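One letter stands for each residue in the lines below.
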Amino acid sequence: MTPFKQTYSEVADLVRQFEEIEAHDLSLKVGQTFNAMKRLAATRSDAERTQLERKSHYLDAEIDKLVYQLYGLNEEIRIMDGRE
C-alpha cells in the first residue's frame with residue numbers, strides 16, 4: 001500500500017469512528033428526550049412539568065448540534081440563524 005493510500009485509509013477509519021461516536025451520542029439524547037416527554041405527559045406537578053420542559057428543550061438543542069456536526073452544517077446553520 002502506498003503512503004497516500006495508507007494515510008487516506010487511516011483518516012477514513014478515524015472519520016467512521018467519529019461518526020459512530022456522534023451517532024451513539026445522538027441516539028442517547030433522543031432516548032433521553034423520549035423519556036422526558038413520557039414523564040411530562042404523566043406528571044401533575046407544575047414544578048416537575050417546568051423542569052421536564054426545560055430538559056426537553058435543552059436536549060432538542062443538543063440533538064440539533066449533533067446533527068449539524070454529523071453532517072458538517074455548522075457554518076450553514078450559523079448563517080441561517082443570523083449569527084454571522
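Residues numbered from 1 in each chain as written. Predicted model: local features only at pLDDT ≥ 70, side-chain atom pairs only at ≥ 80, totals over all residues. Heavy atoms only, no water.

Along the chain, the regular secondary structure elements total 3 helices and 0 strands. Ordered by position in the sequence, the α and β elements of the chain form the string α-α-α. Counting over 84 residues, the chain shows a buried share of 17%. Within the chain, residue pairs in contact and separated by at least 24 positions form 52% of the contacts whose partners lie at least 6 positions apart. (Helix = DSSP H or I, 4+ residues; strand = E, 2+ residues; numbered from the N terminus. Buried < 20%, exposed > 50% of the residue type's maximum accessible area, 1.4 Å probe, protein only. Contact = heavy atoms within 4.5 Å.)

Turning to its location among the elements, Arg-54 is positioned in helix α2 (residues 46-70). Along the chain, Arg-54 and Ala-36 lie 18 residues apart, while their C-alpha atoms are 9.8 Å from each other.

Considering all chains together, one arrives at 2 salt bridges under this definition. Here Arg-39 and Glu-48 are joined by a salt bridge, their closest N and O atoms 3.0 Å apart. Looking at Arg-39, the relative accessible area reads 42%, which means it is partly exposed. (Salt bridge = Lys/Arg side-chain N within 4 Å of Asp/Glu carboxyl O.)

Moving on to the side chain of Ser-56. In this fold, Ser-56 is placed in helix α2. With relative accessibility at 7%, the residue Ser-56 sits in the buried group. Not counting chain neighbours up to four residues away, the residues in contact with Ser-56 comprise Thr-33 and Met-37.

A few words on the confidence of the model for the chain. Across the chain, the average pLDDT comes to 78, with 82% of residues at or above 70. Here helix α3 (residues 74-80) stands out as the least confident element of the chain, with mean pLDDT 70; α2 is the most confident, with 87. (pLDDT = per-residue confidence, 0-100.)

This part is about α2. For an α-helix the count is 3.6 residues per turn, leaving residues at separations of three or four pointing the same way. The first and last C-alpha atoms of α2 sit 36 Å apart over 25 residues, in line with the 36 Å expected at 1.5 Å per residue. What α2 keeps buried is the set Leu-52, Ser-56, Leu-59, Glu-62, Ile-63 and Leu-66. The N-terminus of α2 is capped by Ser-45, whose side-chain oxygen sits 3.3 Å from the backbone nitrogen of Ala-47. Immediately downstream of α2, the backbone of Gly-72 shows phi near 65 degrees, a positive value. (Expected span 1.5 Å × (residues − 1). Polar contact = N/O pair within 3.5 Å; in protein donor to acceptor, adjacent residues only side chain to side chain.)

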